[in-house]
Amino acid sequence: MATGLVLVALFVAAGAGYENFLSARVVLNLFKDRAFLGVVAVGMTFVILSGGIDLSVGAVMAFTTVFLAKVIGGLGWSAPVAMLAAVGIGVGFGLFQGWVIHYFRIPAFLVTLAGMFLARGMAFVVSPRSVEIRSAFYDDLGERGLPLGEGLLLTVGPLIYLVVVAAGMVVAHGTRFGRNVYALGGNEASAALMGLPVGATRVAVYGVCGGCAALGGVISTLALSSGDPTRGTGLELDAIAAAVIGGTVLTGGRGWVFGTFLGVLILGTIKTILDFDGSLDPAWLRIASGGLLLGFILLQKLIARQRVS
Amino acid sequence: MSELLHANGIVKRFGSFTALKGVTFRLRAGEIHALMGENGAGKSTLIKVLTGVHEADGGTVTVAGRGIRAASPREAEAAGISTVYQEVNLLPNLSVAENILMGRQPMRGPFIRHGEVKRRARAALARLGLEVDVGALLGSFPVAVQQMTAIARALDQEARVLILDEPTSSLDARESEELFAVMRRLRGEGMGIVFVSHFLDQIYAVSDRITVLRDGALVGTWEAAGLPRLELVSHMIGKEVTASSGDGGVVCGGGAEAFRVEGLERRGVVGPLTFSVAAGEATGLAGLLGSGRTETARMLFGIDGATGGRVKAGGEEVALGSPRAAMAAGLAFCSEDRKVEGIIPSLSVRENIVLAMQASRGVLRRVPRAEQEALAAKFIAALNIRTRGPETPIGTLSGGNQQKCLLARWMAMQPRLLILDEPTRGIDVGAKAEIEALCGELRRAGMSILFISAELEEVVRNCSRVVVLRDRRQAAVLDGPAISLRTIMETVAAS
């Protein structure tokens, strides 16, 4: 709720302050620019809902981009196969992290921190620097999309993002897996006593998040036509911030995928405003995000307190 | 009446400790069967075996004649055994309806039929005579409704055996009555209900039969109507009530009143209590498990502050809002759970002994090392603490010696009132005697002691006044000659 209001307020303020801000093109660019973060943030939302955290997403995304560049450019794999393989690797990596977290009872923070170093390192092994992706499939995909009239095109990246958000909402709300994630985040001991598959759910959640991170990497290569081992540094924190601004509680069990969608748009809007106003220091992007995050955490706390009393 | 559940010769070990020594328990269809026992009797272990949380090391469980081997809560539920735990084990962040059907939601393909979930939830609640908004979050309802939700969950999975583990401990009288009405209704429908409660009144109000466990073994099963309360209590604590067991308490020394507790209570938890503690004497708190002994100690020491009443020290009212305030007023608290709330295992004997003293001085005024060593040496000698030296980590000492270190910690503070919560639990007989002797010395030195123990004989031996608690209320205050095992037990068992 509050998240939606902040988004509207931002848009109104920006629309009043800058000419041409409230145009379809700006909004479309925002989607295009933030699609990879959006997909990663959906995966992160599931992990946070389950009461965990995944710090490896930025590194997994970076690995995916150089992996794609390498196998498509260097080994001559067909692009669709490479993409599927990349997402598969992301899922597998996530499942492994989930398995370690669950069966060795190690805090997710530590396991995924190790995973972050591991994936980032692997990215550098694959390629120490940025590689361009030359592929007819990529060129072709760049042209395609959902035409919205007036020469505007919703390209494949943002399209995937919207599909992932919709799928995430349905899974979170409408499937047993989704509800079990909420149960796990609500109270693990209770969930186990209710006979819910606690272990499988936790492992799967990290698989979902790893898959989303890899998919974010795929989208990123679509937008930039290159793989870069340094890409997505700090992305995990942006994804967490988006989820929290969207109303997901860090201790788990409460939150919405749609809220995360709004959170991503808010962060994107702040960035767009800074892009629009050339005179502002980009540091303000961080400062504004930080202020917003703090505000939302305090708001959550206040709501929680009210509920108790 | 047909037999519904038969647990035969259940054995459960945890390492070298045997929690259940071949317990047999039979539950009929259409009965409410109370499971009773003091601390360590094995009630919770038996329940956890029945519900698949623990796997038994021996024995068999049959439900309606069919042998089951529940290795998980899910399998137990599938066999028709459902449990409602004391701390309602549901999910406050999900809706009431989801809590009832979690894991068994009606599906269409991969998707949950939310409408059907709500309909079935309403149906299950209707059987309990409860109508609430099943779409609202469970956490927004009072505990009583949450408990009904847990029972509704059991109904929806067609449970035949319902285990209620201390369901009334956080309910008020009216809510408890409503729960009993539901229990009777379910009994009428042929369900077998296992009821665990520490409140004797409640046990007798609803139970058909009573099974008592003690020290992991079955004491017996009786018809509730044919078992007098006093006898039940004596079965539970394992002491025969005979005329000769009244070997009066420590004679009143006629000490001046040091502390006076007036109407002290923590609403919904314990009290009100009114008693006085004489200087140089020990006052006991006696009662069954769950009667409010530890709660009283925690209230006095300001850990869970009182909501009403006052405490006077030497005639003047003192504020006991926090442990710091209580310490400033001359109180010291040796807690029941020394592993969790008492000792710091990795610190040395010396460090553990000076801890409270250091805390009362503040961080900046460190107790000089020489003084620390002198203190440690003095208490190690005085209390006969068997340790290799003052620098040995306390975690390596035996339970009895750890307990003595804790005593030393509080004695170093020279409190006016020392609260000892179960000072002899889990330590060997020799150490027990030493602790008791120590209490005597402290009394002679003018210290007042509030002595809490589940061992009634200990209370009788050491105390010159006994406050008897029943159902978290003060049942009686016994003085000097009136103190005997028999009078305490009669007071506990009175209705």
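What you are looking at is a predicted structure, and each value in this text was computed from that prediction instead of being measured.

Definitions and cut-offs
Residues numbered from 1 in each chain as written. Chains lettered and ligands numbered in written order. Predicted model: local features only at pLDDT ≥ 70, side-chain atom pairs only at ≥ 80, totals over all residues. Heavy atoms only, no water. Contact = heavy atoms within 4.5 Å. Buried area = accessible area lost by both parts, 1.4 Å probe. Salt bridge = Lys/Arg side-chain N within 4 Å of Asp/Glu carboxyl O. Polar contact = N/O pair within 3.5 Å; in protein donor to acceptor, adjacent residues only side chain to side chain. Helix = DSSP H or I, 4+ residues; strand = E, 2+ residues; numbered from the N terminus. Buried < 20%, exposed > 50% of the residue type's maximum accessible area, 1.4 Å probe, protein only. Domains from an automatic or database assignment. Pairing = 2+ DSSP bridges. Axes fitted to C-alpha atoms, helices over the stretch in contact; angles between N-to-C directions.

**Here we look at the interface of chain A and chain B**
With 21 residues of chain A at the contact, the number on the chain B side is 24 residues. Carbon and sulfur atoms make up 59% of the area that chain A and chain B hide from each other, which totals about 1900 Å². Three residues, Arg176(A), Leu193(A) and Met194(A), lead the burial of chain A against chain B; their summed loss comes to 39% of the area buried on that side. One can count 1 salt bridge joining chain A with chain B. Here chain A is connected to chain B by 10 residue pairs in polar contact (both at pLDDT 80 or more). At 6 residues, helix α8 (residues 176-186) of chain A tops the list of elements feeding residues into the side of chain A that touches chain B.

**A word on helix α17 (residues 485-493) of chain B**
Along α17(B), the positions that sit buried rather than exposed are Leu485(B), Ile488(B), Met489(B), Thr491(B), Val492(B) and Ala493(B). Here the buried face of α17(B) lies against α7 (200-206), α8 (229-237), β15 (282-286), α16 (456-462), β21 (465-470) and β22 (473-479) of chain B.

**Some thoughts on the domain arrangement of chain B**
All names here are of chain B. According to the domain assignment, chain B consists of domain 1 (3-237) and domain 2 (245-493). Centre-to-centre separation of domain 1 and domain 2, based on C-alpha positions: 36 Å. Contacts between domain 1 and domain 2 engage 15 residues on the former and 12 residues on the latter. Here domain 1 packs against domain 2, burying approximately 1400 Å² in sum over the two surfaces, 64% of which is carbon and sulfur. Counting across the interface, domain 1 meets domain 2 through 0 salt bridges. Counting the contacts that link domain 1 with domain 2 gives 0 residue pairs in polar contact (both at pLDDT 80 or more). Elements that contribute at least two residues to the side of domain 1 that touches domain 2 include exactly α7 and α8. Top element by residues in the side of domain 1 that touches domain 2 is α8. It accounts for 6 residues.

**Observations concerning the environment of Gly426(B)**
Its location among the elements puts Gly426(B) in the loop between β19 (417-421) and α15 (429-444). Sequence separation between Gly426(B) and Phe111(B) is 315 residues; the distance between their C-alpha atoms is 53 Å.

**Observations regarding the pairing of β21(B)**
Residue and element names in this part refer to chain B. β21 sits mainly inside the fold: 5 of its 6 residues count as buried. Judged from the 4 bridges that link them, β15 and β21 form a sheet pairing that is parallel. Following the sheet pairing, Gly 284 is matched in β21 by Val 466. As paired strands, β21 and β22 are joined by 6 bridges and run antiparallel to one another. Bridge pairing links Val 468 to Ala 476 in β22.

**Here's the deal with the environment of Leu110(A)**
Position of Leu110(A) relative to the elements: it lies in helix α5 (residues 108-126). Spatially, the C-alpha atom of Leu110(A) lies 36 Å from that of Asn29(A), the residues being 81 residues apart in sequence.

**Concerning the sheet that holds β15(B)**
All names here are of chain B. Pairing within the open sheet is mixed, and its 6 strands lie in the order β18-β19-β20-β15-β21-β22. The sheet terminates laterally at β18 (331-334) and β22, the two strands that pair on one side only. Sheet twist, expressed as the average angle between the axes of neighbouring strands with direction ignored, equals 15°. Pairing geometry for β18 and β19, over 4 bridges, is parallel. From the neighbouring strand, Cys 334 faces β19, where its bridge partner is Leu 420. Along the sheet, α17 makes contact with β15, β21 and β22, crossing β21 at roughly 25°.

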